[in-house]
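Spelled out from the first residue to the last, the chains are:
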Amino acid sequence: MSNWVRVAAVTDCDVGTLKAVMVENTPIVLANVDGDVFALQDECSHEEYPLSDGELEGEDLVCIYHGARFECATGRNKGLPAIRPVKSFTVEVRADEIYIDLS
Ligand code: FES
């Protein structure tokens, strides 16, 4: 069952930037890749540091701490030292507001 929650306005997450939000005690990082917004759990799968401190490189989020790389659209790990993905959430934009499905 879906659990849609409004997490931010589109204007809160500009193209090419990351934004950390706390949603029902779950840390989430929003990533705006060329106008498409994605949402990942805001915790690296390598160590427990926030991915929102990292940087976008193309379609990937690169962790600032040790350089792990994740695909924003899926959370798939693409570069060491991460050997596991991070959870991704389905995103919808409705009337310039960003919603994610927390289910
Ligand atoms: S904490 Fe992210 S790469 Fe180590």
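What comes next is a walk through the structure. (Residues numbered from 1 in each chain as written. Predicted model: local features only at pLDDT ≥ 70, side-chain atom pairs only at ≥ 80, totals over all residues.)

Regarding the sheet that holds strand 6 (residues 60-62)
Across the sheet, which stays open at both edges, the four strands sit in the order 5-6-7-8 with antiparallel pairing between neighbours. Across the chains shown, the open sheet's two edge strands, defined by having one partner strand only, are strand 5 (55-57) and strand 8 (77-79). The sheet shows a mean angle of 35 degrees between the axes of neighbouring strands, taken without regard to direction. One ladder, built from three bridges, connects strand 5 with strand 6; its direction is antiparallel. Within strand 6, the position partnered with Glu57 by the bridge is Asp60. (Pairing = 2+ DSSP bridges. Helix = DSSP H or I, 4+ residues; strand = E, 2+ residues; numbered from the N terminus. Axes fitted to C-alpha atoms, helices over the stretch in contact; angles between N-to-C directions.)

As for the sheet that holds strand 3 (residues 26-33)
One key point about sheets: their strands pair by backbone hydrogen bonds, in either a parallel or an antiparallel sense. Spatially, six strands are ordered 1-10-9-4-3-2 in an open sheet, and the strand pairing comes out antiparallel. For this open sheet the edge positions go to strand 1 (4-9) and strand 2 (18-23), each flanked by a neighbour on one side alone. Pairs of neighbouring strands in the sheet enclose a mean axial angle of 30 degrees, with direction left out of account. Bridge analysis of strand 2 against strand 3 gives six bridges, and the strand direction is antiparallel. Note that in strand 3 the partner of Leu18 across the bridge is Ala31.

A closer look at the pairing of strand 9 (residues 88-94)
Of the pairings in the sheet, the one linking strand 4 (residues 36-41) to strand 9 comprises two bridges and is antiparallel in character. Note on strand 9: the bridge partner recorded for Ala39 is Phe89. What sits between the antiparallel neighbours strand 9 and strand 10 (residues 97-101) is a turn of two residues, in which Ala95 has the positive phi angle 50 degrees.

Quick word on the nonpolar core
With 23 residues, the main nonpolar core has Leu30, Ala31 and Leu40 as its most contacted residues. Leu30 has contacts with Val7, Ala8, Cys13, Leu18, Lys19, Val21, Val37, Ala39 and Ile98, leaving out every residue within four places of it along the chain. (Core = buried A, V, L, I, M, F, W, Y, C linked by C-beta atoms within 7 Å. Buried ≥ 20, exposed ≤ 12 C-beta atoms within 10 Å, placed from the backbone. Contact = placed C-beta atoms within 7 Å.)

Here's the deal with the environment of Ser103
Residue position: Ser103 is located in the segment after strand 10. Residue classification places Ser103 among the exposed residues on the basis of 10 C-beta atoms within 10 Å. Remark: the alpha-carbon pair of Ser103 and Val33, spanning 70 residues in sequence, is separated by 23 Å. Not counting residues within four places of it along the chain, the set of residues in contact with Ser103 comprises Met1, Ser2 and Asn3.

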